[in-house]
Amino acid sequence: MDSTKTINTEVVGTAGASLATTGLRKSFGDVKAVAGVDLEVASGECFGLLGPNGAGKTTTIEICEGLTEADAGDVTLLGMQWKSHANELRQRIGIQLQETQFPDKLTVEETLRLFRSFFRKGIAVDEAIRTSQLEEKRTARVGTLSGGQKQRLAMACALVGDPELLFLDEPTTGLDPQARRHLWDLVDDLKHAGRTIILTTHYMDEAERLCDRVAIMDHGRVIALGTPKQLIASMGGDHIVEFAVTGNGEGKVDAKALTEIPGVQSHRVDAGLHQLSVTDLHTTVPRIFAAVDGMGLDLTEFRTHSATLEDVFVSLTGRYLRDE
Ligand SMILES: Nc1ncnc2c1ncn2[C@@H]1O[C@H](COP(=O)(O)OP(=O)(O)OP(=O)(O)O)[C@@H](O)[C@H]1O
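Calculation rules
Residues numbered from 1 in each chain as written. Predicted model: local features only at pLDDT ≥ 70, side-chain atom pairs only at ≥ 80, totals over all residues. Heavy atoms only, no water. UniProt positions renumbered as here; feature names shortened; annotations may be inferred. Salt bridge = Lys/Arg side-chain N within 4 Å of Asp/Glu carboxyl O. Buried < 20%, exposed > 50% of the residue type's maximum accessible area, 1.4 Å probe, protein only. Near = heavy atom within 4 Å. Polar contact = N/O pair within 3.5 Å; in protein donor to acceptor, adjacent residues only side chain to side chain. Helix = DSSP H or I, 4+ residues; strand = E, 2+ residues; numbered from the N terminus.

The protein is annotated in an unreviewed UniProt entry as ABC transporter ATP-binding protein of Occallatibacter riparius. According to UniProt, the comment filed for the protein under the heading Sequence similarities (unreviewed entry) is "Belongs to the ABC transporter superfamily." If you open the UniProt record of the protein and go to Subcellular location (unreviewed entry), you find "Cell membrane".

Have a look at this one:
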């Protein structure tokens, strides 16, 4: 069963693709973790895989990283495939896993020297330390690092082989806001240095902030693909108006009348909260007030916000990402 709509605003051609997947599938018992995923990521692009917990993001990325074998489908990275070019690929890609266990007793510098030794060529350990802003922790043992510092070390380890293609799996999950911003700055620097980056996240703001294009995944499939701007624009309204009316008035809300208000693109209601997608806030809001008033109802809540990728997800699936 799948009633979700699909948006595809894809513009990239195959030429110059750093990563391409076709017909990717993977099941674990009865669970279809990845149910036919076709993606193309252009060289130099920062591409985000978004979706709620269990959507299939990690499984997809782990197949691409050569860590999980697909049941069906193909992955081409930098023009190569894992079955024929595993060693070459390991030298040219960088991987930051969702959680990395480093030996606690090694220092930051020793850990990076170890990782650097795995690669034929790469950047100097000093540069990796500087890039990941770990200078003050160079001689600290890994066991003493904070969560954010460990994530930055994981990023440094992924970078030390000077990869052309970098995978970041939920790089900021569990970090405080300051540590998240720190990591975002790091990703910005990597983007400007021309790396191809593929990241998974369930933070919509992170994707909007960092990614050139995003694929929204749900139940193992890509349900929307495009730039954050394109996906938001595809909803038809730049703003979301949310309101609730007094409990005993709920049954009297005339949904059809709301959608007929000029400027209102769509209406949905969830647990008593009405959500309207709206193009022109300053002309439409007075009309909404008048319509609600005309229905003889009292507002108990009223707020607006600029439409986000979260709203795109809600409009496609009828569910909230944060509830997952
Ligand atoms: N090794 C495994 N064995 C059994 N089921 C698995 C395994 N790995 C993933 N799954 C299941 O496959 C589905 C997709 O999981 P996956 O980790 O790819 O999702 P995700 O989008 O990355 O989620 P999260 O954001 O929580 O990491 C889930 O239902 C998960 O329980």
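There's plenty left to go through after this.
Draft legend 1. Region of interest: the pattern of salt bridges. One pass over the full model with this rule turns up 17 salt bridges. In this structure, Lys256 and Glu260 form a salt bridge, with 2.9 Å as the shortest nitrogen-oxygen distance. Judged by relative accessible area, which is 54%, Glu260 ranks as exposed. Where salt bridges share partners, they join Glu88, Arg92, Arg120 and Glu164 into one cluster.

Draft legend 2. Expanded view of the site of the ligand. By nearness alone, 14 residues border the ligand, and Gly54, Lys57, Thr58, Thr59 and Glu170 come closest of all. A distance of 3.0 Å is found between an oxygen atom of the ligand and a side-chain nitrogen or oxygen belonging to Asn53. Thr58 places a polar side-chain atom, nitrogen or oxygen, 2.7 Å from an oxygen atom of the ligand. Contributions of two or more residues to the shell around the ligand are made by strand S3 (31–42) and helix H1 (57–64).

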